[in-house]
Amino acid sequence: MTVRTRFAPSPTGYLHIGGVWAALFAWLYARRHGGQFLLRIEDTDTKRTIPGALESLMTSLRWFGIEWDEGPDVGGPYGPYIQTQRKELYQKWANWLIEHEYAYKCFATPEELAEMRAALEAKGDRSGYDRRYRDLPAEKVAELEAAGREYVVRFKMPLEGQTAVPDLLRGDVMFDNSQFTDYVLLKSNGLPTYHLAHVVDDHFMEITHITRGVEWLNTAPIHVNLFKAFGWEMPVFVHLPVILNPSGKGKLSKRHQAFTEDGTEILVRADEFMEGGYLPKAVLNFLANIGWTFGDDVEKFTMAEAIERFDLATVSPAPTKLPYSKLDWLNGQYIQEMEPLELAKAVRPYLEAAGLEVNVEALLLVMPPMRVRLKRFTDAIDFLRFLGEESPLPASATALTHKQLPLESAVAAFREAHTLLAELQPFTLEEISAKLMAIGEKHTTSGKAGPFLGQMRLAVTGQQVSPPLFESVLALGRARVVERLDQILALFEETAPTAGDHHQ
RNA sequence: GCCCCGUUCGUCUAGUGGCCUAGGACGUAGCCCUCUCAAGGCUAAAACAGGGGUUCGAGUCCCCUACGGGGCACCA
């Protein structure tokens, strides 16, 4: 039997990172076994569907490279893959259940239900329904129907005994049937609830492994009994653990505080990872390490490699928090492997979004040393600001001195650097580096270039932190550097007009 | 309140009765390297929630407690 898994989100908003994780595991498992992975849209709560959510969801999934073999847009032999378009199917099987006495029509009005709930709760019963329409005589049912009364279809849960939910990660989980009531399968608007829809769909779509969050474990007995009533073979249940909020309590939710107390940023929506400057393969690698281990103490691997050994059975049932700092590390590792051109292309949109116009050649020149410095593409913004916009001049010339580079030496060194860079031939990294180094060693009291290079960086880029000086100079280009040094020398003039030579 | 699940370094995890003086990774700290920032190398601190069993032997099996999480809709 070919393995068939599915990801079945509701189009109620942006894709959640936990959803990506669940989809990834289902996808990996299907790929591992050469089966199919499908995308199904559970939009039976029409009040909650948000226009555009479906598209955004598919865009996100595709950005990650999680491709479905069957789904709303690609079609497939078991479609349609959008539940509201399968309404008749659910109604047909709801009727089948009624005919075979596994379900019944319940005519309770909202008011009636509210009263019932209150009365039940007063007795400490939170089930919300007392099964009062379960055994209504056929004539009475016909009568109410003839009167045009609205109704829902409820499932006849077993009144006693236990239901075992066979869970791949936990074994048989036992539930007393007495704690359940008769749940709604078909709403009064004719649309199914999750319970009916997913059972019907998973059966007809021939899903072999139901992967879903643990929040479904408690209602799984309904599903198990439904499969039994229909006489359908039960898929394997895999209840995936929740992903917890690292900043506080509870599960990771879309309404969250953006940072934890130690200052790490909490990303939740799939698109936040895209905009945050992460590589999809890094995020996927990161997620694959949550609840599952590649093995051999290996933490960095491709999805192709993961597919070779992925197994749902070894997924941990324990809830976890996302270790975001590990994502940054992984992303940095992948960035280090990028070709300069590739990196330049990846980084540019982020610079532009930050309002920095940087030409590709300049960007390319500075990419080799930048590879090792970026955790996310967005990190490039602060590093390369000087390339994209006029950087502020130091407040005064003293800012360009150093205890090993007093004012007079600084003036002399900057003058020399100015002359040098204005004329240097060829204007290459090797030349710039050798000559600037020499200037530094010559003027510094310690004879080390370091202090001068640091001040030179500040002078040229206006930044305390930048890519290595020589690459920065190269990327800025002779013209801009010389112009910049003109301004720097003027600054020295203001501060110490008598320093250096004597034109005034 | 009732029911269900879970619990190894700060975090993600390895571990399926002896190979565990508990391994890896991120993060943290120190040192080296160094033009800033990084990267890289080396080193360090850091965990079996607690209590009872079972067993020659328990992180590994069982029970209880504690803690964490989830669920109890005509929402999924």
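Residues numbered from 1 in each chain as written. Chains lettered and ligands numbered in written order. Predicted model: local features only at pLDDT ≥ 70, side-chain atom pairs only at ≥ 80, totals over all residues. Heavy atoms only, no water.

1. Some remarks on the overall build of chain A
Alright, step 1. A tally of helices and strands in chain A yields 19 helices and eleven strands.
Alright, step 2. Against the 2.2 N^0.38 benchmark of 23 Å for 504 residues, chain A shows a C-alpha radius of gyration of 33 Å, more extended than a compact globule.
Alright, step 3. In chain A, which comprises 504 residues, the share counted as buried stands at 49%.
Alright, step 4. In chain A, of all internal contacts separated by at least 6 residues, the share reaching a separation of at least 24 is 72%. (Helix = DSSP H or I, 4+ residues; strand = E, 2+ residues; numbered from the N terminus. Rg over C-alpha atoms; globule rule 2.2 N^0.38 Å. Buried < 20%, exposed > 50% of the residue type's maximum accessible area, 1.4 Å probe, protein only. Contact = heavy atoms within 4.5 Å.)

2. Thoughts on the pairing of strand β1 (residues 4-7)
Alright, step 1. Of the two faces of β1, the one lined by R4 and R6 and the one lined by T5 and F7 are each fully buried.
Alright, step 2. In terms of strand pairing, β1 meets strand β2 (residues 36-39) through four bridges, oriented parallel. For F7, the partnering residue across the bridge sits in β2 and is L39.
Alright, step 3. Once you follow β1 into helix α1 (residues 17-32) and on to β2, the crossover reads as right-handed. (Pairing = 2+ DSSP bridges. Right-handed = clockwise from strand over helix to strand, strands pointing away.)

3. Side note on the sheet that holds strand β4 (residues 152-155)
Alright, step 1. Sheet architecture is open: three strands sit in the order β3-β4-β7, paired in antiparallel fashion. The sheet is open, and its two borders are formed by β3 (103-106) and β7 (184-186), each paired with just one other strand. Strand-to-strand, the axes of this sheet are offset by a mean angle of 45°, without reference to chain direction.
Alright, step 2. The pairing of β4 with β7 spans two bridges and is classified as antiparallel. Considered in β7, the bridge of V153 is made with L186.
Alright, step 3. Across the face of the sheet, helix α3 (residues 87-99) comes into contact with β3, β4 and β7 while running at roughly 105° to β3. (Axes fitted to C-alpha atoms, helices over the stretch in contact; angles between N-to-C directions.)

4. So, the protein's contact with RNA strand B
Alright, step 1. Lining the immediate surroundings of RNA strand B are 63 residues, of which K187, G291, V372, R373 and R457 lie closest.
Alright, step 2. Close to the protein, within 4 Å, the atoms of RNA strand B are drawn from sugar and phosphate at a rate of 65%.
Alright, step 3. Take S10: an N or O atom from its side chain is 2.7 Å from a sugar or linking oxygen of RNA strand B.
Alright, step 4. Within the side chain of K375, one N or O atom sits 3.0 Å away from a phosphate oxygen of RNA strand B.
Alright, step 5. Looking at the surface near RNA strand B, the elements with two or more residues in it are α4 (110-122), β4, β6 (171-176), β11 (320-321), α11 (324-336), α17 (450-461) and α18 (469-476). (Near = heavy atom within 4 Å. Polar contact = N/O pair within 3.5 Å; in protein donor to acceptor, adjacent residues only side chain to side chain.)

5. Some details on the environment of E471
Alright, step 1. As for its position among the elements, E471 is in helix α18.
Alright, step 2. Between the alpha carbons of E471 and L405 there is a distance of 23 Å; along the sequence they are 66 residues apart.

6. Considerations on helix α14 (residues 380-388)
Alright, step 1. Among the residues making up α14, those that are buried are A380, I381, F383, L384, F386 and L387.
Alright, step 2. Along its buried surface, α14 packs onto α12 (340-353), α13 (360-370), α17, α18 and α19 (478-495).

7. A short note on the nonpolar core
Alright, step 1. Judged by nonpolar contacts, the single largest core of 116 residues is most densely connected at L24, I66, L384, F414, L421, L436 and M456.
Alright, step 2. Examining the composition of this core, we find that twelve residues originate from one element, α1, more than from any other.
Alright, step 3. Discounting chain neighbours no more than four positions away, the residues touching L24 are I66, L284, L287, A288 and M303.
Alright, step 4. V165, L186, F230 and F237 belong to the second largest nonpolar core, which has 33 residues in total. (Core = buried A, V, L, I, M, F, W, Y, C linked by side-chain atoms within 4.5 Å.)

8. Here's the deal with the confidence of the model for chain A
Fine structural detail should not be taken from predicted coordinates in areas where pLDDT scores are low.
Alright, step 1. Per-residue confidence for chain A gives a mean pLDDT of 93, with 96% of residues at or over 70.
Alright, step 2. Across the interface, the model reports ipTM at 0.95; the global pTM reads 0.93. (pLDDT = per-residue confidence, 0-100.)

9. Some words on α18
Alright, step 1. Most of α18 sits inside the fold, with eight of its eight residues counted as buried.
Alright, step 2. Of the surrounding secondary structure, the elements contacted by the buried residues of α18 are α13, α14, α15 (407-423), α16 (429-443), α17 and α19.

10. Observations regarding the side chain of E272
Alright, step 1. Relative to the helices and strands, E272 is located in helix α8 (residues 270-275).
Alright, step 2. Look at E272: it is buried, it has no salt bridge, and the nearest opposite charge is R269 at 4.3 Å.
Alright, step 3. At 2.6 Å, the side chain of E272 forms a polar contact with the backbone nitrogen of V268. (Lys, Arg positive; Asp, Glu negative; His and termini not counted. Salt bridge = Lys/Arg side-chain N within 4 Å of Asp/Glu carboxyl O.)

11. So, the pattern of salt bridges
Alright, step 1. The full count for this structure, using the stated rule, is 30 salt bridges.
Alright, step 2. With its nearest N and O atoms 3.3 Å apart, the salt bridge here joins R48 to D45.
Alright, step 3. With relative accessibility at 25%, the residue D45 sits in the partly exposed group.
Alright, step 4. The salt bridge involving D130 is made with R132; its shortest N-O contact spans 3.0 Å.

12. Observations regarding the environment of L38
Alright, step 1. Take L38: it is sitting in strand β2.
Alright, step 2. Distance from L38 to V74, taken between C-alpha atoms, is 9.9 Å for residues 36 residues apart in sequence.
Alright, step 3. Setting aside residues no more than four positions away along its own chain, L38 makes contact with R4, T5, R6, F7, W68, E70, Y81, M205 and I207.

13. Observations regarding the packing of α16 against α18
Alright, step 1. Orientation of α16 relative to α18, taken along the N-to-C sense of each, is 125°, at an axis distance of 9 Å. Regarding the angle of α16 to α18, the classification is oblique. By crossing handedness, the relation of α16 to α18 is classed as right-handed. When α16 is examined against α18, the residues L429, I432, S433, L436 and M437 are found in contact with a partner set consisting of L469, F470, E471, V473 and L474. (Parallel < 35°, antiparallel > 145°, perpendicular 65-115°, else oblique. Left-handed = near helix turned anticlockwise from the far one by under 90°.)

14. Considering the layout of surface pockets
Alright, step 1. Taken as a whole, the largest pocket holds about 1,200 Å³ of empty space.
Alright, step 2. A8, P9, S10, E215 and W216 are the residues nearest the centre of the largest pocket, which is lined by 39 residues in total.
Alright, step 3. Ranked by the residues each element gives to the lining of the largest pocket, the list is headed by α1, at four residues.
Alright, step 4. Residues of the lining of the largest pocket, tallied by class, amount to 16 nonpolar, twelve polar and eleven charged. (1 Å grid on protein atoms, 1.4 Å probe; cavity = no way out; pocket = protein on both sides within 12 Å on 5 of 7 lines; lining within 4 Å. Points joined across faces, edges and corners; volume = space filled by probe spheres on them. Nonpolar A, V, L, I, M, F, W, Y, C, P; charged D, E, K, R; others polar.)

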